[in-house]
Amino acid sequence: MTATVGDFLVERLYQWGVRRIYGYPGDGINGVFGALSRAKGKIEFIQARHEEMAAFMASAHAKFTGELGVCIATSGPGASHLLTGLYDARMDHMPVLAIVGQQARGALGGHYQQELDLLSMFKDVAGAFVQQASTPSQVRHLLDRAVRTAVGERKVTALILPNDLQDLPYSEPERAHGTVHSGIGYSKPKVVPYNDDLQRAAEVLNAGHKVAILVGAGALQASQEVIAIADKLGAGVAKALLGKAVVPDDLMWVTGAIGLLGTEPSYQMMKECDTLLMIGSGFPYAEFLPKEGQARGVQIDLQPDMLSLRYPMEVNLQGDAAETLRALLPLLEQKSDRWRNKVESWRARWDKTLEKRALAKADPINPQRVVYELSPRLPDNALVTSDSGSCANWYARDLMIRQGMQCSLSGGLACMGAAVPYAIAAKFAHPQRTVVALVGDGAMQMNNMAELITVAKYWRQWDNPKWICAVFNNEDLNQVTWEQRVMEGDPKFEASQSIPDVPYHLFAISIGLKGIFVDREEAVASAWEQALAADCPVLIEFKTDANVPPLPPHITLEQAKKFAGTLLKGDPDEAGIIVQAAKQVLSAVLPGRKD
């Protein structure tokens, strides 16, 4: 049988190394799905419950494997549903290819059903490369270029295929004027700055007495190099959220997360350092970095448009993090541990504060305790995902990462609804490893409950069935509620913030998963142990206290005034937030107290 355009597309993707595609079917892309079926499993298709979730899965696949993530959808609403997940990949610099259908070529421009201007729609999110095919022979170079651009530039790309084109016989481009003859294959280059620039960076770092290092996702493949550089400079290391797994938290000079969800030692280190080395991070919040002029700066990033963007750096080095750090290391002078000892003392105090905060009594469960009890029980090679919202605070601060673990969340986009599709993609990418998703009840109701059905559909094919979803059920869109109180000075607006109480564990049971309900703090640890020992995927529903404040590492006078104003105006949860805010703040100054 003559190969169709769809058949050629599937085979070409296979030649590029694609082995898994996430998506949802529809008549606008049926020609490609027919080809996937005829390919008899050469490329695995994972059926999500919604196209947005499929795009999140493709983004997560790229994050957890370093490979190209691929998602597929039909024309019209299928294509438009992909956008949020694709923006997640774009904002976090992930290589993702979206393949979408379109109405027949002869109908285009005729206001046909499900006919959208997809080229215009994808132009922003996939601006690096988005094209619509019009002839069979064109598909070869469009696909090759879309894949190479996505992988080489770490960008989102899109390929649009009219539905009538997908079933046409495929023909190679003629050897004639006006044709393109592309090929497959890409090898990542070694990108290292010139020696003179490395020397300039070394001079700045050698001159510093109090060096702070900030790492992000761009340093994930440079863990050993970061540790070696930090040891040479006697530096402390803070981590942007996407860089949480760069260095393990059992190193006492690792201060943890930075920013609104960050730690006190990270804040203190940035406040007192005289030199800043930023590696592979686009951390956006300038108020948590050194004051301009306080510290000399060196930055390493693979993308030139990210250099000297967050802080005015003295030396900007474009290069791969690991390669650049290896080249820089011999140029650095060994420093004493005087500054590092100070950083470690801040970290030691913070660990005690974290423990006191996590063990403070709440009604019914302190959400910090959920993650605090998880940390020591995680297997060494576990993968953890988090959603946006207040659960991201506990993920950022209370989850202690060890060497060999991986973790991620929606970083630049900070989108609700990513944790469960991320965890699904992580499990498909690493089926032998334990995967845990930390999710707020708002995200579960928004779109993540449906993706539990995806877990129920596929889990029996995983080598290791350990997949756990932890739901923080506090009946509140909690992060925004606290932002209203502290940033706006407004009481909780129940009409927008209160959400229904849903029995998530019973839903999990109803679709064949294991469900556990926990509403007592003394049962938190045993619930984790039970879930980690289970022989099928588990949803643990933790009934948590919405009044435990996600405190920033430093409270400004303006924030204190607005919070006080909130109470003066009258908050529906006033009594609870006063009690819990007092417990969380007092835990830092009264270390003997636990209640």
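Please read these numbers as outputs of a predicted model, since none were measured by experiment.

**Focus on unusual backbone geometry**
Of note, the bond from D363 into P364 is cis; its omega dihedral lies within 30 degrees of zero at 0°. Take P364: it is sitting in the loop between α13 (338-359) and α14 (367-374). One non-glycine residue, H111, lies in the positive phi region at around 50°. Note on placement: H111 falls in the loop between β4 (96-102) and α6 (118-121). Although it is not a glycine, A414 sits at a positive phi angle of roughly 50°. Relative to the assigned elements, A414 resides in the loop between β14 (406-408) and α16 (419-429).

**Examining the environment of D387**
Looking at the secondary structure, you find D387 in the loop between β13 (383-386) and α15 (390-398). D387 sits 211 residues away from A176 along the chain, and the two C-alpha atoms are 52 Å apart. Reaching out from D387, the side chain makes a polar contact with the backbone nitrogen of A419 at a distance of 3.0 Å.

**Things to note about the sheet that holds strand β7 (residues 211-215)**
Judged by pairing direction, the sheet is parallel, and its six strands sit side by side in the order β9-β8-β7-β10-β11-β12 without closing on themselves. With one partner strand each, in any of the chains shown, β9 (254-257) and β12 (315-318) form the two edges of the open sheet. Across the sheet, the axes of successive neighbouring strands diverge by a mean angle of 15°, strand direction being ignored. Where β7 lies against strand β8 (residues 236-239), four bridges are found, and the strand directions are parallel.

**A few points about the packing of helix α3 (residues 51-65) against helix α17 (residues 441-458)**
Direction vectors running N to C along α3 and α17 enclose 80°, while the axes themselves pass 10 Å from each other. The orientation of α3 relative to α17 falls into the category roughly perpendicular. In contact with E52, M53 and M57 of α3, α17 contributes N447, N448 and E451. Of the residues belonging to the contact of α3 with α17, the class tally is two nonpolar, two polar and two charged.

**A look at empty space enclosed by the protein**
Overall, the coordinates contain three cavities of 30 Å³ or more when judged by the stated rule. Volume-wise, the largest cavity comes out at about 60 Å³. What lines the largest cavity is a set of 13 residues, among which T255, G256, T263, R397 and M400 lie closest to the centre. When residues of the lining of the largest cavity are traced back to their parent elements, those giving at least two are β9, α13 and α15. If you add up the space inside the second largest cavity, you get close to 40 Å³. What lines the second largest cavity is K239, A240, L241, K244, D249, G256, A257 and A396. Partitioning the lining of the second largest cavity into residue classes produces four nonpolar, one polar and three charged.

**A look at α13**
Taking 1.5 Å of rise per residue, 22 residues should cover 32 Å, and α13 covers 32 Å from first to last C-alpha, within 8% of that figure. Among all positions in α13, only W339, R340, V343, W346, R347, W350, T353, L354, K356, R357, A358 and L359 are buried.

**Regarding the packing of aromatic side chains**
Given two aromatic rings, one states the distance between the centres and the angle between the planes to describe the pair. The final tally for this structure, using the stated rule, is ten aromatic pairs. Their ring planes at 65° and their centres at 6.3 Å tell us that F56 and Y422 sit as a pair that is edge-to-face. Note that F56 is positioned in helix α3 and Y422 in helix α16, a separation of 366 residues in sequence. Here F428 and Y458 contribute two aromatic rings whose centre-to-centre distance is 5.4 Å and whose plane-to-plane angle is 80°, an arrangement assigned as edge-to-face. Of this pair, F428 sits in helix α16 while Y458 sits in helix α17, placing them 30 residues apart in sequence. Given the relative accessible area of 4%, F428 is considered buried. Residue class for Y458 comes out buried when judged on its relative accessible area of 8%. Through a chain of ring-to-ring contacts, the aromatic side chains of Y22, F428, Y458 and W462 assemble into a single cluster. Across from the ring centre of Y14, 4.4 Å away, lies the NZ or CZ of K42, which sits over that ring. A cation over an aromatic ring shows up here: K244 above the ring of Y395, its NZ or CZ 5.4 Å from the ring centre.

**Considering the environment of P162**
One can find P162 in strand β6 (residues 156-162). Taking C-alpha positions, P162 is 43 Å from S308, a pair spaced 146 residues apart along the chain. With residues up to four places along the chain from it excluded, the contact list for P162 reads Q102, Q103, R105, Q132 and A133.

**Here's the deal with the sheet that holds strand β16 (residues 467-473)**
Across the sheet, six strands lie side by side as β14-β13-β15-β16-β18-β17; this open sheet has parallel pairing. Strand pairing shows two members of the sheet lacking a second neighbour, β14 and β17 (514-518), which therefore form its edges. Strand-to-strand twist in this sheet, taken as the mean axis angle between neighbours without regard to direction, amounts to 15°. Of the pairings in the sheet, the one linking β17 to strand β18 (residues 538-543) comprises five bridges and is parallel in character. Among the inter-strand pairings, G515 is bridged to a residue of β18, identified as L539. The sheet strands contacting helix α21 (residues 524-532) are β15 (435-440), β16, β17 and β18, and the helix crosses β18 at an angle near 170°.

**Some points on the pattern of salt bridges**
Within the structure shown, the criterion is met by 28 salt bridges. Here R90 makes a salt bridge to D124, at a shortest N to O gap of 3.0 Å. Within this pair, whereas R90 is found in helix α5 (residues 83-91), its partner D124 is found in the loop between α6 and β5 (129-132), the two being separated by 34 residues in sequence. Note on D124: relative accessible area 43%, which makes it partly exposed. Between D380 and R402 there is a salt bridge, with the nearest N and O atoms lying 3.0 Å from each other.

**Comments concerning the state of the cysteines**
Covalent bonding between the sulfur atoms of two cysteines is what defines a disulfide. Scanning the entire structure with this criterion turns up zero disulfides. A disulfide-free cysteine, C415 has its sulfur positioned 13 Å from the sulfur of C391, the nearest such atom. The thiol sulfur of C536 is not disulfide-bonded, and the nearest other cysteine sulfur, from C469, lies at 13 Å.

What counts and what doesn't
- Residues numbered from 1 in each chain as written.
- Predicted model: local features only at pLDDT ≥ 70, side-chain atom pairs only at ≥ 80, totals over all residues.
- Heavy atoms only, no water.
- Helix = DSSP H or I, 4+ residues; strand = E, 2+ residues; numbered from the N terminus.
- Polar contact = N/O pair within 3.5 Å; in protein donor to acceptor, adjacent residues only side chain to side chain.
- Pairing = 2+ DSSP bridges.
- Axes fitted to C-alpha atoms, helices over the stretch in contact; angles between N-to-C directions.
- Parallel < 35°, antiparallel > 145°, perpendicular 65-115°, else oblique.
- Contact = heavy atoms within 4.5 Å.
- Nonpolar A, V, L, I, M, F, W, Y, C, P; charged D, E, K, R; others polar.
- 1 Å grid on protein atoms, 1.4 Å probe; cavity = no way out; pocket = protein on both sides within 12 Å on 5 of 7 lines; lining within 4 Å.
- Points joined across faces, edges and corners; volume = space filled by probe spheres on them.
- Expected span 1.5 Å × (residues − 1).
- Buried < 20%, exposed > 50% of the residue type's maximum accessible area, 1.4 Å probe, protein only.
- Phe/Tyr/Trp six-rings, centres within 6.5 Å; stacked < 30°, edge-to-face > 60°.
- Lys NZ or Arg CZ within 6 Å of the ring centre and 35° of its normal.
- Salt bridge = Lys/Arg side-chain N within 4 Å of Asp/Glu carboxyl O.
- Disulfide = S-S within 2.5 Å.

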